[in-house]
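# Structural overview
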Amino acid sequence: MYLAAYSNQYRKQDVMNASPLRLVIMTYDLAILSCEQQDFSKSIKTISALRDTLDLNYPEVSNGLFSLYQWCLECIRKGDYASASTTLTELRSAWVTTEQNIAARQVPVSVSAAPA
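So, here's what we can say about the structure. Computed from a predicted model, the values in this text were never measured in an experiment.

## Digging into the packing of aromatic side chains
In this structure the tally under the stated criterion is 1 aromatic pair. Geometrically, the ring pair formed by Tyr-28 and Tyr-69 is tilted, given 6.4 Å between the ring centres and 50 degrees between the ring planes. Residue Tyr-28 is located in helix α2 (residues 20-36), and its partner Tyr-69 is located in helix α4 (residues 59-77); the two are separated by 41 residues in the primary sequence. Overall, the relative accessible area of 2% leaves Tyr-69 in the buried class.

In structure tokens, the structure reads:
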């Protein structure tokens, strides 16, 4: 019981402190896990959340992702969780690469002691 409560608290803090990009990756993790467990309801909800939060101000990207999410949803409805999981895993990998590229561009701020 204590371990479950600790896990939930840790998860809440992880979500609260996550960047928007990290939240997308975490949602992919949940979608992939749901597909691996063949959990119809959770898979549909999670992929729908990814689809429904697309930023339509960037039509080239959002239209492509929308189509892929729709295809994943259709695969799940047909019981083809493996195809959906494979697609989601590849998309997640692209988001992780993006996150790493952004992190590499950020210059760490160093604090130096002021001269006395």
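Let's pick the thread back up.
## Thoughts on the pattern of salt bridges
The full count for this structure, using the stated rule, is 3 salt bridges. Residues Glu-99 and Arg-22 are paired through a salt bridge, measuring 2.4 Å at the closest nitrogen-oxygen approach. Taken together, the residues span a long stretch of sequence, with Glu-99 in helix α5 (residues 81-105) and Arg-22 in helix α2 at a distance of 77 residues. According to the relative accessible area criterion, Arg-22 is partly exposed, its value standing at 27%.

## Here we look at α5
With 25 residues, α5 extends 36 Å between its outermost C-alpha atoms, agreeing within 8% with the 36 Å of an ideal straight helix rising 1.5 Å per residue. Residues of α5 that are buried: Tyr-81, Ala-84, Ser-85, Thr-87, Leu-88, Leu-91 and Val-96. Check the buried side of α5 and you find it contacts α2, α3 (40-52) and α4.

## Quick notes on unusual backbone geometry
Although it is not a glycine, Gln-38 adopts a positive phi angle of roughly 50 degrees. Relative to the helices and strands, Gln-38 is located in the loop between α2 and α3. Classification of Gln-38 by relative accessible area gives exposed; the value is 54%.

## Comments concerning the side chain of Thr-87
On the secondary structure map, Thr-87 appears in helix α5. Setting aside anything within four residues of it in sequence, one finds Thr-87 in contact with Leu-68, Trp-71 and Cys-72.

## Some remarks on the nonpolar core
Core analysis: the biggest nonpolar cluster contains 18 residues, and Tyr-28, Cys-35, Ile-47, Tyr-69, Ile-76 and Leu-88 have the highest contact counts within it. Those elements giving two or more residues to this core turn out to be α2, α3, α4 and α5. Per-element tally for this core: the top contributor is α4, with 6 residues.

## Observations regarding the environment of Ala-31
Secondary-structure assignment places Ala-31 in helix α2. Classification of Ala-31 as buried rests on a relative accessible area of 0%. Along the backbone, Ala-31 and Ser-85 are 54 residues apart, and their C-alpha atoms lie at a distance of 7.8 Å. Excluding anything up to four places from it in sequence, Ala-31 contacts Ser-43, Thr-46, Ile-47 and Leu-88.

Definitions and limits used
- Residues numbered from 1 in each chain as written.
- Predicted model: local features only at pLDDT ≥ 70, side-chain atom pairs only at ≥ 80, totals over all residues.
- Heavy atoms only, no water.
- Phe/Tyr/Trp six-rings, centres within 6.5 Å; stacked < 30°, edge-to-face > 60°.
- Helix = DSSP H or I, 4+ residues; strand = E, 2+ residues; numbered from the N terminus.
- Buried < 20%, exposed > 50% of the residue type's maximum accessible area, 1.4 Å probe, protein only.
- Salt bridge = Lys/Arg side-chain N within 4 Å of Asp/Glu carboxyl O.
- Expected span 1.5 Å × (residues − 1).
- Contact = heavy atoms within 4.5 Å.
- Core = buried A, V, L, I, M, F, W, Y, C linked by side-chain atoms within 4.5 Å.

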